[in-house]
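# Coordinates in review
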Amino acid sequence: MPDKVKTKMIRVHIMGKEHLVPEGLTIMKAMEYAGYRFIRGAGCRAGFCGACGTVYRLKGDYKLYFELACQSAAIDGMSLTQLPFVPANKATYTVRLIKETGNPILKFYPEVARCVSCNTCTKACPQQLEVMDYIQAALKNDIEKAAKLSFDCIQCGLCAIRCPAEIAQYHVGQLARRVYGKFVKKSNQLNKRLNETNKGKFNSELDELMKMDKAAIKQKYTERDLESLAKKK
Amino acid sequence: MKIPYYPGCTLKAQGLGFETSAIASAKAVDIEMMELQRWNCCGTVFSLASDDLMHYIAPIRNFIRVQEAGYDKVVTLCSMCYNTMKRANLLVKNDSEKLKTLNDFMYREEDYKGNVEIVHLLELLRDEIGFETISKKVIRKFNELKVAPYYGCMLTRPKEVGIDDWEEPQIMENLITALGAEVVDDPMRGECCGAYHTVNSKDLVAERTRMIVTSAKNRGADIIVLSCPLCEFNLGTRQKDTIEIYSDFSGIPVLYFTQLMALALGMGKEVCRFDLHYVDPRPLLIEKGIIEEGEEKNAR
Amino acid sequence: MEIINGYPDYMRESINEVVKTRQARLKKTFTPMTMDERKQVLDKFHPDYKAEGKRSLAIGPNKGKVTLSEVADLLEAHPIISPKDINLSQIDYDVDVLIIGGGGAGTVAALWASNNGTPVDKILIVTKLRHGDSNSMMAQGGIQAADRPQDSPVKHYLDTYGGGHFSNKPELVRRLVTEAPSIIRWHVTRGVLYDRDENGDFMELSGGGTSRDRLHAAKDYTGMEILRCLRDVSRNRKIPVLEFTSVVELLTDGDRVTGAVLYNMENEQYSIIRARATILATGGFGRLHVQNFATTNHYGATADGLVLAYHVGATLRDMDTAQYHPTGAAYPEQLVGLLITEKVRGMGAQPLNIDGKTFVFPLEPRDVEAAAFIRECYGRKKGMVTSTGMSGIWLDSPMIEILRGEGAIEKNLGAMHRMFQRFGIDMRKDPVLVFPTLHYQNGGVEIDVEALTSVEGLFAGGEVEGGVHGKNRLMGNSLLDYNVFGRAAGISASEYAKKTKPGKLSLKHLEKYEKSLKDAGIKTKRRAPILLPEYRGKEALSRSIDIDKVVYA
Ligand SMILES: Cc1cc2nc3c(=O)[nH]c(=O)nc-3n(C[C@H](O)[C@H](O)[C@H](O)COP(=O)(O)OP(=O)(O)OC[C@H]3O[C@@H](n4cnc5c(N)ncnc54)[C@H](O)[C@@H]3O)c2cc1C
Ligand code: SF4
Ligand code: SF4
Ligand code: FES
């Protein structure tokens, strides 16, 4: 076992105010260590909800960096603020009624046509998605590509706040994915199983299981054959 | 020959038949058009003021994509994309400072070196393949089909950008002749179709449509051919609005030059997507004996 | 200390051992435990089986029942409001169906209340953070539904019931498994993009304790993909949502739940809502850090629902167990406790000790797997110990790329890959270090098969309710749970609301509650619900588990 190392303290500037925090914390925990209590700006604390979008600069570097406070380490000398909310209008639609012809996405988000391909959104995305490419795919009506490229979007809104064309990319991605869902092949297995359950095919077997005493059902449980094991053999 | 191909957005939404007929007929004359793996909207020409660099990013980024793919030439179909990209390219080729600013801004990409050329498919056909060669491959007879070429603004203007003489272009005329159809000489061929006014001022566009289509028709044209999805929308689809406003107006089919070429080279039903045109050309083509009734059913 | 690709050199030594044994392990797997072996490892090493971690409740309907101490602390606590401070005469919101919690269960309940005919403006979702900030958003691995020909709801039933140590409510399990395929159908018609093969059938995997490949996944963003889609449906339908607002107390007319007291988290104002029917969909309790374990749960998972329900006299069940997910991240420090989805094992990664040796079947039910990890680390001292004193087990993720082809991780485990990549670790090339983490509230507010609690007017769906999973939930059954019982709760509440009139509003039950605290001799400053955990100052640092106590109790 290694020796416990003494933690170094680092300086972070939270909205301009300097705080000393131990090295090795996430930005989120560093803020908490510094005394902030989140109401906004923290949701899942694990990189899935996009509540904690954070913008920062480093000492001596003109670049703006974009990260999730819960998923990146605090860095010595960083100057940061959170952007926990992005005003953006979501279009209202009924996916069932959307037709694939023409460009359905442009119909609901005509501003997509204003994209100048500056790629600023991509640079801002803490998920490292090719945001410009999915917007461009939406523009050229490649819904499958827009859906797939935007799939890992956690809807943090950092792209939208940076876009010179004022597009709310993550809403566009959401629509693309839902529309794409209409085009994927249906599952025959699922349909078959639904028919069976509708006809009550498994009822008698389930009745039986529910009637079994504990010992009998335990026995049955231990005797199950495991598919994952069968495959190994 | 193999050449990277830049489609542009409109082709992927409205101009589907333009793309499929172009790729197929290019292939028939030994041009393999390979769509770029990644590309973005060209940005469209209307935003190109030379001091508004923001709007040059889009076209220049596309040249970077060609460069990345290891080519120095890219072909396109849409007149609008062609014009935008060519103009942007000229600007940065002549102004290294602007090119540097753009490259600095796009720091995540490799620098654009300014060595890529953009050409229109018509140019490739004329300069690399030759209309004579094409005419030898013609299979289908056009039976005196009278065709009026339409250039609009983007193929010939401004002069440095144009694919042919900007006052007396002949490139489409020559292609039509090589394909075995009859050219209708029409003074309106270089008039503007109204372009993006179509979004907000249907009336304005209807007026242009009436003027341009009627002129071609009065000179005996059976169809108009062109090379831009927006022109096709304005001159074709907008005929519907034109009739509503001008009750004496009656239209004719509007096709892409590549559809005419595909027909001539013996293709048709698989690649032309005639069903996407507001004025369905199929009855006329059948009447002229160019396609057959049964064939027409399959010609989607 | 030199760091090579994210790992310090002292960890690299152990990783080398892992690499050495890899080829031989590819074809072999550890044999699953017998029921006896399971019992042994659980008894000795599972945190739940440690007597000090629980106590018998002193008050309320579950008086005398053994309950996790952290939960008992909240139930044996004063309410945060007192009846005299709240003006009930002014009603701020008047609805048919009130839904507490805007996670999965809440969103599903709202949609089905609406489908069942309750007008949208008579539905209200009240939620602590933003709509969607919830455990449901975080689920990675998948959702179970028996739709393959070699599988059946019967098999699903048996797996679930056995996995829950035969302590589940059978009629709830039955509803869970029989409605599963229809839930998947509902999702795909709304546009949820599950992973599929070229025929359109789903690509399904096994989870711990399942006898068939039955997990439907959307890469490793399953929970997010389902919920953001359903939330989009709900937003299109304009179902009203009050965000950053918590319910801090239910209101009753003496017998039935008739509304709630709301607390605006931002401006700290209270408001009153009257509702004909109320649905609890407040999720779980991970942020209580039971036995000081780190947790996978979202920020608002503080067991509020249990407290609210208990205050109005609802019965709870199976509150003596908590689910520890075997594979929480144990390194790097910034990720400690966060979930490494079970799918990583489902796709072939084996758990290994410091010597790179296997010691357990990779897909035992969660409690068994977690106990086996703890045994390896603390009973046998064969864990990899990090510089912060955390002991962990290797999860040999590079096996996935070998077994399923290059690119399999990026394609199916993008979230995991990204999470480690952020800290310089490439899980395609190196194993990742894991240790059990507090994951799921197995029990909860008891419901019947129509999602009604023991109190009239109060329904419950999702992680807050108990009975579906008994004493241990199987992976992929809780996303299913929130859909099946969220839907049941939505429909039942909507039906109930159609048949009833709005009731009187009172907080009398709080007086009764205070009295029972007093009668039981409980003197405490504790107040509940707590709404959010306290992490300021030193609390931000990661907690060290007093594991020796856990183990040798
Ligand atoms: C990291 C992780 C991974 C998981 N992976 C899987 C998986 O692969 N498969 C699977 O089946 N299950 C998985 N689970 C479990 C599953 O996600 C949850 O059990 C399930 O989603 C719970 O849904 P719910 O709607 O009941 O609760 P939640 O989704 O947690 O929603 C509860 C909501 O209520 C709100 N709330 C709480 N208290 C109050 C209050 N007082 N007033 C107002 N609002 C309140 C919360 O903020 C939250 O929005 C996972 C869980 C986690 C944490
Ligand atoms: S930031 Fe906006 S304009 Fe720029 S590439 Fe992205 S979507 Fe297009
Ligand atoms: S695409 Fe935009 S909203 Fe989505 S994760 Fe990236 S920056 Fe956030
Ligand atoms: S808090 Fe959810 S992504 Fe950071």
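Residues numbered from 1 in each chain as written. Chains lettered and ligands numbered in written order. Predicted model: local features only at pLDDT ≥ 70, side-chain atom pairs only at ≥ 80, totals over all residues. Heavy atoms only, no water.

### Quick look at the overall build of chain B
In terms of helices and strands, chain B carries 15 helices and eight strands. In summary, chain B has a C-alpha radius of gyration of 19 Å against a globular reference of 19 Å for 300 residues, a match within 12%. Across its three principal directions, the C-alpha atoms of chain B cover 60 × 40 × 35 Å. Residue burial in chain B is summarised as follows: out of 300 residues, 57% are buried. Relative to all contacts within chain B whose residues are 6 or more apart in sequence, the contacts with residues 24 or more apart total 77%. Carbon and sulfur atoms form 47% of the exposed surface of chain B, whose accessible area is close to 12,500 Å². (Helix = DSSP H or I, 4+ residues; strand = E, 2+ residues; numbered from the N terminus. Rg over C-alpha atoms; globule rule 2.2 N^0.38 Å. Buried < 20%, exposed > 50% of the residue type's maximum accessible area, 1.4 Å probe, protein only. Contact = heavy atoms within 4.5 Å. Areas by Shrake-Rupley, 256 points an atom, 1.4 Å probe, with all protein chains shown as cover.)

### Considerations on the overall build of chain A
In terms of regular secondary structure, chain A is built from 11 helices and five strands. Its C-alpha atoms give chain A a radius of gyration of 25 Å, clearly above 17 Å, the size a compact globule of 233 residues would have. Oriented by its inertia axes, the alpha-carbon framework of chain A measures out at about 70 × 60 × 35 Å. The burial tally for chain A puts 55% of its 233 residues in the buried class. The contacts of chain A with a sequence gap of at least 6 include a subset with a gap of at least 24, amounting to 57%. Summed over its atoms, the accessible surface of chain A is roughly 11,000 Å², and 51% of this surface lies on carbon and sulfur atoms. When the 39 positive and 23 negative side-chain charges of chain A are each reduced to one mean point, those points stand 3 Å apart. (Lys, Arg positive; Asp, Glu negative; His and termini not counted. Charge placed at Lys NZ, Arg CZ, Asp CG, Glu CD.)

### A look at the pattern of salt bridges
Residue and element names in this part refer to chain B. Considering all chains together, one arrives at 75 salt bridges over all chains under this definition. In this structure, Lys 73 and Glu 128 form a salt bridge, with 3.0 Å as the shortest nitrogen-oxygen distance. Remark: Glu 128 occurs in helix α6 (residues 121-129) and Lys 73 occurs in strand β3 (residues 73-76); sequence separation between them is 55 residues. Take Lys 73: its relative accessible area is 26%, and that puts it in the partly exposed class. (Salt bridge = Lys/Arg side-chain N within 4 Å of Asp/Glu carboxyl O.)

### Side note on the pairing of β3(B)
Bridge count between strand β1 (residues 2-6) of chain B and β3(B): two bridges; the pairing is parallel. By the bridge assignment, B:Tyr5 is partnered in β3(B) with B:Val75. (Pairing = 2+ DSSP bridges.)

### Let's talk about the nonpolar core
Within the largest apolar cluster, 344 residues are counted, with the highest numbers of intra-cluster contacts made by B:Ile31, B:Leu121, B:Leu125 and C:Phe285. In terms of residue count, helix α15 (residues 477-499) of chain C provides more of this core than any other element does, 10 residues in total. Setting aside anything within four residues of it in sequence, one finds B:Leu125 in contact with B:Val29, B:Ile31, B:Gly130, B:Phe131, B:Ile134, B:Leu175, B:Phe257 and B:Met261. (Core = buried A, V, L, I, M, F, W, Y, C linked by side-chain atoms within 4.5 Å.)

### Quick word on the site of ligand 3
Around ligand 3 lies a shell formed by A:Cys125, A:Pro126, A:Gln127, A:Val131, A:Tyr134, A:Cys153, A:Ile154, A:Gln155, A:Cys156, A:Gly157, A:Cys159 and A:Tyr170. For the shell around ligand 3, the class distribution of residues is nine nonpolar, three polar and no charged. (Near = heavy atom within 4 Å. Nonpolar A, V, L, I, M, F, W, Y, C, P; charged D, E, K, R; others polar.)

### Examining helix α8 (residues 188-198) of chain A
Taken together, the buried positions of α8(A) are occupied by A:Leu190, A:Arg193, A:Leu194, A:Glu196 and A:Thr197. Seen along its axis, α8(A) keeps its buried residues to an arc of 160°; they face one direction. The exposed residues of α8(A) that point more than 90 degrees off its buried face are A:Asn188, A:Lys192 and A:Asn198. On its buried side, α8(A) packs onto α6 (153-163) and α7 (170-190) of chain C. For α8(A), the side-chain oxygen to backbone nitrogen distance between the N-cap and A:Gln189 is 3.5 Å, and the N-cap itself is A:Ser187. Positive backbone phi, approximately 75°, marks A:Gly200, located one or two places after α8(A). (Arc of directions from axis to C-beta. Polar contact = N/O pair within 3.5 Å; in protein donor to acceptor, adjacent residues only side chain to side chain.)

### Side note on the sheet that holds strand β2 (residues 17-22) of chain A
All names here are of chain A. If you walk across this open sheet you meet the five strands as β2-β1-β5-β3-β4, and the pairing is mixed. Each of the sheet's edge strands pairs with one partner strand only, and the pair in question is β2 and β4 (65-68). Put simply, the sheet's adjacent strands are angled 35° from each other on average, direction ignored. Judged from the three bridges that link them, strand β1 (residues 9-14) and strand β5 (residues 78-82) form a sheet pairing that is parallel. Considered in β5, the bridge of Val 12 is made with Met 78. (Axes fitted to C-alpha atoms, helices over the stretch in contact; angles between N-to-C directions.)

### What about the interface of chain A and chain B?
Across the boundary between the two partners, chain A contributes 17 residues, which contact 18 residues of chain B. The tally of links between chain A and chain B comes to two salt bridges. In this structure, A:Glu130 engages B:Arg38 in a salt bridge whose closest nitrogen and oxygen atoms are separated by 3.3 Å. For the pair chain A and chain B, the number of links is eight residue pairs in polar contact (both at pLDDT 80 or more).

### Structural notes on the sheet that holds strand β23 (residues 465-466) of chain C
Residue and element names in this part refer to chain C. The strand order β15-β21-β23 describes an open sheet built from three strands, whose pairing is mixed. Strands at the two margins of the open sheet, each flanked by one partner only, are β15 (316-317) and β23. Judged from the two bridges that link them, β15 and strand β21 (residues 444-446) form a sheet pairing that is antiparallel. Within β21, the residue paired with Leu 316 across the bridge is Val 445.

### Digging into the pairing of β1(A)
One face of the sheet, then the other: side chains in a regular strand alternate in exactly this way. All names here are of chain A. Residues Ile 10, Val 12 and Ile 14 line the buried face of β1, whereas the alternating positions Met 9, Arg 11 and His 13 sit on a face that is not buried. Sheet topology note: the β1/β2 ladder contains six bridges and is antiparallel. Paired with Ile 14 across the two strands is Lys 17, which belongs to β2.

### Some details on the arrangement of the chains
Contacts are most numerous between chains A and C, considering all two pairs of chains that are in contact. Separated throughout, chain B and chain C approach each other most closely at a C-alpha pair spaced 19 Å apart.

### Topic: the interface of chain C and chain A
Taken together, the contact pairs 99 residues of chain C with 83 residues of chain A. Counting every contact that joins chain C to chain A gives 10 salt bridges. Applying the counting criterion to the chain C and chain A interface returns 42 residue pairs in polar contact (both at pLDDT 80 or more). Elements supplying a minimum of two residues to the side of chain C that touches chain A: α2 (35-45), α5 (135-138), α6, α7, α8 (222-236) and α14 (414-421) of chain C. Looking at the side of chain C that touches chain A, the element that brings in the most residues is α7(C), giving 10 residues. Of the residues that constitute the side of chain C that touches chain A, the class distribution is 43 nonpolar, 24 polar and 32 charged.

### With respect to the domain arrangement of chain A
Domains assigned within chain A are domain 1 (9-82), domain 2 (95-184) and domain 3 (188-222). Summarising the inter-unit geometry, the C-alpha centres of domain 1 of chain A and domain 3 of chain A are found 51 Å apart. (Domains from an automatic or database assignment.)

### Observations concerning the domain arrangement of chain B
All names here are of chain B. What the domain assignment reports for chain B is domain 1 (2-122) and domain 2 (131-298). Each of domain 1 and domain 2 was reduced to a C-alpha centroid, and the two centroids are 25 Å apart. Tallying the contact residues gives 29 residues for domain 1 and 32 residues for domain 2. A buried area of about 2,500 Å², summed over both sides, lies between domain 1 and domain 2, and 77% of it is on carbon and sulfur atoms. Summed over the shared surface of domain 1 and domain 2, the result is one salt bridge. Here Asp 30 and Lys 137 are joined by a salt bridge, their closest N and O atoms 3.7 Å apart. Our count for the contact surface shared by domain 1 and domain 2 stands at 10 residue pairs in polar contact (both at pLDDT 80 or more). (Buried area = accessible area lost by both parts, 1.4 Å probe.)

### What to know about the packing of aromatic side chains
Within the structure shown, the criterion is met by 22 aromatic pairs over all chains. Measuring from centroid to centroid gives 5.6 Å for A:Tyr221 and C:Phe166, while their planes differ by 90°, and the two rings are edge-to-face. With one member in each of two chains, A:Tyr221 in helix α10 (residues 214-222) and C:Phe166 in the loop between α6 and α7 form a pair that bridges those chains. Given a relative accessible area of 4%, C:Phe166 falls into the buried group. With centroids separated by 5.8 Å and ring planes inclined at 65°, the aromatic side chains of C:Phe359 and C:Phe373 adopt a geometry described as edge-to-face. Of this pair, C:Phe359 sits in the loop between β17 (351-352) and α11 (366-379) while C:Phe373 sits in helix α11, placing them 14 residues apart in sequence. C:Phe373 sits in the buried class, given a relative accessible area of 0%. Across the ring face of C:Tyr440, the terminal group of C:Arg473 is positioned such that the distance to the ring centre comes to 4.0 Å. Residue placement shows C:Arg487 over the ring face of C:Trp112; its charged tip is 5.1 Å from the ring centre. (Phe/Tyr/Trp six-rings, centres within 6.5 Å; stacked < 30°, edge-to-face > 60°. Lys NZ or Arg CZ within 6 Å of the ring centre and 35° of its normal.)

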